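Overview (structure and organization)
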Amino acid sequence: RINPTPTISQLYGQISITGEITCVPSSVNPAPAICFIGLYGDDGKYYGLKNLNNEDVVSGKYATGKRVKISGTITPPETEKFDIVGNIEISSIELL
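Residues numbered from 1 in each chain as written. Predicted model: local features only at pLDDT ≥ 70, side-chain atom pairs only at ≥ 80, totals over all residues. Heavy atoms only, no water.

Notes on the packing of aromatic side chains
- Evaluated as defined, the whole model comprises two aromatic pairs.
- Here the aromatic rings of Tyr-40 and Tyr-46 are separated by 4.7 Å at their centres, their planes lie at 45 degrees, and the arrangement is tilted.
- Given the relative accessible area of 35%, Tyr-40 is considered partly exposed.
- Assessed through its relative accessible area of 24%, Tyr-46 is described here as partly exposed. (Phe/Tyr/Trp six-rings, centres within 6.5 Å; stacked < 30°, edge-to-face > 60°. Buried < 20%, exposed > 50% of the residue type's maximum accessible area, 1.4 Å probe, protein only.)

Put into structure tokens, the structure is as follows:
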């Protein structure tokens, strides 16, 4: 039996998801020259990340390409500049 894909409104609330730290794709052209750090989930969707410690990103602890499990609260995107389904306010993050 195949589970139906949840609608976007069903996505908001508590979430626990695994995936890869990445630069999320821009939905504007030309794309900005900065890397907006996010998560490419194992569900095939991109998520923005809130509360990710910038020092951990700069040090390489959570560099692009790292596999992680993130738990937190997902909220709607705050901008349409990036192709994300929502932002995750991180309550826990674990390297895999």
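Regarding the pattern of salt bridges
- Inspection of every chain in the model, using the stated rule, returns two salt bridges.
- When the shortest N-O distance is used, the salt bridge between Arg-67 and Asp-42 registers 2.9 Å. Placement of the pair is Arg-67 in strand β4 (residues 67-75) and Asp-42 in the loop between β2 (37-41) and β3 (46-50), with a sequence separation of 25 residues.
- Take Arg-67: its relative accessible area is 35%, and that puts it in the partly exposed class.
- A salt bridge links Glu-78 to Lys-50, with the nearest nitrogen and oxygen atoms 2.3 Å apart. One end of the pair, Glu-78, is in the loop between β4 and β5 (86-95); the other, Lys-50, is in strand β3, and 28 residues separate them in sequence. (Salt bridge = Lys/Arg side-chain N within 4 Å of Asp/Glu carboxyl O. Helix = DSSP H or I, 4+ residues; strand = E, 2+ residues; numbered from the N terminus.)

Digging into the state of the cysteines
- Inspection of every chain in the model, using the stated rule, returns one disulfide.
- Cys-23 shares a disulfide with Cys-35; S-S distance 1.8 Å. Across the S-S bond of Cys-23 and Cys-35 the torsion is about -105 degrees, and the bridge reads as left-handed. Residue Cys-23 is located in strand β1 (residues 13-23), and its partner Cys-35 is located in the loop between β1 and β2; the two are separated by twelve residues in the primary sequence.
- Judged by its relative accessible area of 37%, Cys-35 is partly exposed. (Disulfide = S-S within 2.5 Å.)

Brief notes about the side chain of Asp-56
- Summarising the element assignment, Asp-56 is placed in helix α2 (residues 54-59).
- No salt bridge is formed by the buried Asp-56; its nearest oppositely charged neighbour, Lys-61, is found at 4.5 Å.
- Apart from residues no more than four positions distant in its own chain, Asp-56 is found in contact with Lys-61 and Tyr-62. (Lys, Arg positive; Asp, Glu negative; His and termini not counted. Contact = heavy atoms within 4.5 Å.)

Some points on the environment of Ile-93
- Checked against the element boundaries, Ile-93 lands in strand β5.
- For Ile-93, a relative accessible area of 23% corresponds to the partly exposed category.
- When the C-alpha positions of Ile-93 and Tyr-62 are compared, they lie 9.6 Å apart, and in sequence the two are 31 residues distant.
- If we skip the residues at most four places from it in the chain, Ile-93 touches Leu-52, Tyr-62, Val-68, Lys-69 and Ile-70.

Description of unusual backbone geometry
- Here the phi dihedral of Asn-51 falls at roughly 70 degrees; this positive angle occurs in a residue that is not glycine.
- Structurally, Asn-51 can be placed in the loop between β3 and α2.
- According to the relative accessible area criterion, Asn-51 is exposed, its value standing at 53%.

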